[in-house]
Amino acid sequence: MDWAGASAIGWLFDGRRGASDRLIPRWLFLRALGIIYFSAFFSLIFQIRGLVGPAGILPAGSYLAQSLGHWQRWWYAPTVLWFSSGSATLSALCWAGMIASALLVLNLWPRGMLVICFVCFLSFVSAAQDFSGYQSDGMLLEAGFISFFFAPPGFRRGLGRMHPASRASLFLLQWEWFRIYFQSGAVKLLSGDPEWRHFTAMDEYYQNGPLPTWIGWYVQHLPHWFHASTVYATLALELGLVWMFLLPRRWRIICFFIVTPWQIGVILTANYTFLNYLVLAMGVLLLDDRFALSVLPGIWRQKLVGALSRTRNGNDAHTESSLGSIHAHWNALKLAASAVMLLWIFYATTAELTWMFVRLPLPSSPVAALEPFRIANQYGLFAVMTRGRYEIEFQGSADGQNWVAYPFRYKPQALNQPPGIYAPYQPRFDWNLWFASLGSWREYPIVPNTEVRLLSNSQDVLALFAGNPFAKESPRQIRVVLWQYWFTTIREKRATGMWWRRQPLGLYAPTLERQPDGQIKVVEWPTVQPRQ
């Protein structure tokens, strides 16, 4: 390789020659990423045994007991749960992730903590089946993996003065931020959904999403012109405005001040777990040190100015004293590995973006090879809007005549309870039931599996609910009914105090009964058809 090529690779991938004007945004982003990782593991610690534990709805052990070769299984299902998938291991996985993410927030050995967070979260995602694979999971894994190259090395790094972020890792994080927006805008038009084309997509959006909020209830009742204008603004932002990340500094800062309030508005009106918080955090990378210093309090500004000036002087004086040393060879090896990995991710994500519009004959093997690791994803949120709100409800009976509902923790159920704000906490069970309500029970084994667990009063699965109406004795029968929900009108709420109204649609899944010999039989088959 000639000197010019080596110099270009060093300029792109060597952190010692990196973007020295982004130290403060990097520090802020990595702290935010640690908080987001913590929220993901914190929510799992209360759910993971009921979701994928040995007595859970979709046991990870049963899923992993498939016929794959010894080495192939690590590639196609990269998870430490191959060693053990018991309840203790699942809890340890969450605690390890929580501790590592807390240390990342405290800026202790950021690269090491990022590795632990990534391995723990990927281990869950790879074994959680229907309870994982959301776009938010891929977003976090992709951002977390790239951040390993973005973070400074060492134990107590402060701002990482001598190791600015490599330009390639900074760009790939911005590239992910851009793709989340742009691909989401593109799928809205490519899907052909008439609601986006007719500017009606937001008319019932706040009501029909997975987990609405009480603020969304009020926004839902604003006039149609407001909702139509938000459709226009959404498409304009996702398809047009986000390109400003490629423009000079002033335009990037303007872009930041547009997208940030937008994301805050989404957070307040819908519970999309940590998704919007992650996009919000990545938006910080549009800024630079000069802007950050201009808005920080004076005491902090003085300390940071001194730190940044020492950083730049140190960078200018940096030389490689012994090219033939082991240290130099090790640095060259790390530089080559970083270049290969980051270029691989860029190719895979660019190919997926291109294929959304035209199927060019690009090699697909590099893209497929990264799929199990969720570090090079294709995004696209709200391609088609749901046209109704449906809710699944589990009911138990001791005699087959009188039925009592199992109360949910987060899903809309009681008509007089306002929808809450839970994000970034992610209730995966409640979330998945929203998807299941739009289809058939045959497509969503979590529903009949939950029925079976409730018949035996599985404590791990019952922990996913807000209470157990059959605490003294297991129910004799379990059934699943489907309701359609609507927000009440302002007049109805003033008169009755109710946030919701609902209508029964029928039996969603088979009614199950446990026989005296322990066998389970179907006593009634469902009556409702899948929704659109």
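Keep in mind that what you see is a predicted model, and the values were worked out from it rather than measured.

Visitor: Explain the nonpolar core here, please?
Guide: For soluble globular proteins, the rule of thumb is that nonpolar side chains tend to be buried together. The biggest cluster of nonpolar side chains holds 149 residues, and the ones touching the most others in it are Trp177, Phe394, Phe429, Val447 and Tyr508. The element that contributes the greatest number of residues to this core is helix H9 (residues 167-190), accounting for 12 residues. If near-sequence neighbours (up to four positions away) are discounted, Val447 is found in contact with Ile392, Phe394, Leu433, Ala436, Val480, Tyr508 and Ala509. The next biggest cluster of nonpolar side chains, apart from the first, holds 7 residues, and it includes Ile24, Ala292, Leu293 and Leu304.

Visitor: I tried to follow the pattern of salt bridges on my own but got confused; where do I start?
Guide: Opposite charge on two side chains makes pairing possible when the charged atoms of those side chains draw close. Taken as a whole, this structure holds 12 salt bridges when the rule is applied. A salt bridge links Arg387 to Asp193; its shortest N-O distance comes to 2.7 Å. Separated by 194 residues along the polypeptide, Arg387 in the loop between helix H19 (365-370) and strand E1 (389-397) and Asp193 in the loop between H9 and helix H10 (194-197) bring together distant segments of the chain. Judged by relative accessible area, which is 3%, Asp193 ranks as buried.

Visitor: Help me understand H9, please; the structure alone is not making it clear to me.
Guide: An α-helical segment advances 3.6 residues per turn. Residues three or four places apart therefore align on the same side. For H9, with 24 residues, the first-to-last C-alpha span of 33 Å sits near the 34 Å given by 1.5 Å per residue. Among the 24 residues that make up H9, 20 are buried, leaving the element largely enclosed by the rest of the structure. One or two positions beyond H9, positive phi appears at Gly192, with a value near 80°.

Visitor: Help me understand the packing of H9 against helix H13 (residues 224-239) in this model?
Guide: The relative placement of two packed helices is expressed as an angle between their axes plus a distance between the axes. Packing of H9 against H13 brings their axes to within 7 Å, and their N-to-C directions diverge by 125°. By the angle between their directions, the pair H9 and H13 is classed as oblique. Considering only the axes of H9 and H13, their crossing is left-handed. Of the residues in H13, those touching H9 at Tyr181, Phe182, Ser184, Gly185, Ala186, Lys188 and Leu189 are Thr234, Leu235, Leu237, Glu238 and Leu239. When its residues are assigned to classes, the contact of H9 with H13 shows 7 nonpolar, 3 polar and 2 charged.

Visitor: How do you make sense of the pairing of E1 when you look at a structure like this?
Guide: Put simply, side chains in a regular strand alternate between the two faces of the sheet. With 9 of its 9 residues buried, E1 lies for the most part within the structure. Alignment of E1 against strand E3 (residues 477-487), held across 9 bridges, turns out to be antiparallel. The residue of E3 that forms the bridge with Arg389 is Tyr485. Two strands pair when backbone bridges link them, and E1 and strand E2 (residues 404-405) are joined in this way by 2 bridges, in the antiparallel orientation. Each bridged residue has a counterpart across the sheet, and for Gln395 the counterpart in E2 is Ala405. Hairpin remark: E1 followed by E2, antiparallel, with 6 residues in the connecting loop; positive phi at Gly400, about 80°.

Visitor: For this particular structure, what's the right way to read the environment of Pro424?
Guide: Looking at where Pro424 falls in the secondary structure, it is placed in the loop between E2 and helix H20 (428-437). Assessed through its relative accessible area of 24%, Pro424 is described here as partly exposed. In this structure the C-alpha to C-alpha distance between Pro424 and Leu278, which are 146 residues apart in sequence, comes to 9.5 Å. Once residues within four sequence positions are removed from consideration, Pro424 is found in contact with Ser39, Thr273, Phe274 and Tyr277.

Visitor: What should I look at first to understand the packing of aromatic side chains in this one?
Guide: The geometry of an aromatic ring pair comes down to the distance between the two centres and the angle between the two planes. Summed over all chains, the structure comprises 54 aromatic pairs. Relative to Tyr425, the ring of Phe42 has its centre 6.4 Å away and its plane inclined at 75°; by these criteria the two rings are edge-to-face. Of this pair, Phe42 sits in helix H2 (residues 23-45) while Tyr425 sits in the loop between E2 and H20; the two residues are 383 residues apart in sequence, bridging distant segments of the chain. Residue Phe42 is classed as partly exposed on the basis of its relative accessible area of 33%. With centroids separated by 4.8 Å and ring planes inclined at 80°, the aromatic side chains of Trp434 and Phe435 adopt a geometry described as edge-to-face. The partly exposed category is assigned to Phe435, whose relative accessible area is 29%. Three or more aromatic residues link up through ring pairs in this structure, and these residues are Phe171, Trp175, Trp177, Phe178, Tyr181, Phe182, Trp243, Phe245, Phe346 and Phe357.

Visitor: Could you clarify how one ought to interpret the sheet that holds E3 in this entry?
Guide: Whether parallel or antiparallel, the strands of a sheet pair through hydrogen bonds between backbone atoms. Ordered by their spatial adjacency, 5 strands build an open sheet running E2-E1-E3-E4-E5, and the pairing between neighbours is antiparallel. Two strands lie at the open edges of the sheet, namely E2 and strand E5 (520-524), each paired on one side alone. Its contacts with the sheet place H20 against E1, E3 and strand E4 (500-514), and it is angled at close to 110° to E1. Contacting E1, E3, E4 and E5, helix H21 (residues 446-455) crosses the sheet at an angle of about 65° to E4.

Visitor: Please clarify how unusual backbone geometry should be interpreted in this entry.
Guide: Excluding glycine, most residues fall at negative phi; most peptide bonds, likewise, are trans. Cis geometry is adopted by the peptide bond preceding Pro424, which originates at Ala423 and carries an omega value of 10°. With a phi angle near 65°, Asn107 is a residue other than glycine that sits in the positive phi range. Not every positive phi belongs to a glycine, and Phe199 is a case in point at roughly 60°. By the secondary structure assignment, Phe199 is in the loop between H10 and helix H11 (205-208).

Visitor: I tried to follow the confidence of the model for the chain on my own but got confused; where do I start?
Guide: Detailed reading of the predicted model is not advised wherever pLDDT is low. Looking at the chain as a whole, its pLDDT mean stands at 91, while 93% of the residues score no less than 70. Within the model, pLDDT remains below 50 along residues 314-323, and this stretch shows 14 contacts once partners closer than five positions in the same chain are excluded.

Visitor: Mind showing me how you'd approach the packing of H2 against helix H15 (residues 275-283) here?
Guide: At a minimum axis separation of 9 Å, H2 and H15 run at an interaxial angle of 170°. Relative to H15, H2 is oriented roughly antiparallel. Contacts from Phe29, Ala32, Leu33 and Ile36 of H2 reach H15 at Tyr277, Leu278, Ala281 and Met282. Split into classes, the residues belonging to the contact of H2 with H15 amount to 8 nonpolar, no polar and no charged.

Visitor: Looking at this structure, I do not really get the environment of Gly497. What am I missing?
Guide: For Gly497, the location among the structural elements is in the loop between helix H23 (490-496) and E4. Given the relative accessible area of 34%, Gly497 is considered partly exposed. Beyond its immediate chain neighbours, meaning those up to four positions away, Gly497 contacts Asn416 and Glu492.

Visitor: Can you help me understand the environment of Leu353 in this one?
Guide: Turning to its location among the elements, Leu353 is positioned in helix H18 (residues 326-355). With a relative accessible area of 11%, Leu353 lands in the buried category. Once the C-alpha coordinates of Leu353 and Gly10 are considered, the two residues, 343 residues apart in sequence, prove to be 27 Å apart. What Leu353 contacts, discounting residues up to four positions off in sequence, is Trp175, Phe182 and Gln183.

About the cut-offs
Residues numbered from 1 in each chain as written. Predicted model: local features only at pLDDT ≥ 70, side-chain atom pairs only at ≥ 80, totals over all residues. Heavy atoms only, no water. Core = buried A, V, L, I, M, F, W, Y, C linked by side-chain atoms within 4.5 Å. Buried < 20%, exposed > 50% of the residue type's maximum accessible area, 1.4 Å probe, protein only. Helix = DSSP H or I, 4+ residues; strand = E, 2+ residues; numbered from the N terminus. Contact = heavy atoms within 4.5 Å. Salt bridge = Lys/Arg side-chain N within 4 Å of Asp/Glu carboxyl O. Expected span 1.5 Å × (residues − 1). Axes fitted to C-alpha atoms, helices over the stretch in contact; angles between N-to-C directions. Parallel < 35°, antiparallel > 145°, perpendicular 65-115°, else oblique. Left-handed = near helix turned anticlockwise from the far one by under 90°. Nonpolar A, V, L, I, M, F, W, Y, C, P; charged D, E, K, R; others polar. Pairing = 2+ DSSP bridges. Phe/Tyr/Trp six-rings, centres within 6.5 Å; stacked < 30°, edge-to-face > 60°. pLDDT = per-residue confidence, 0-100.

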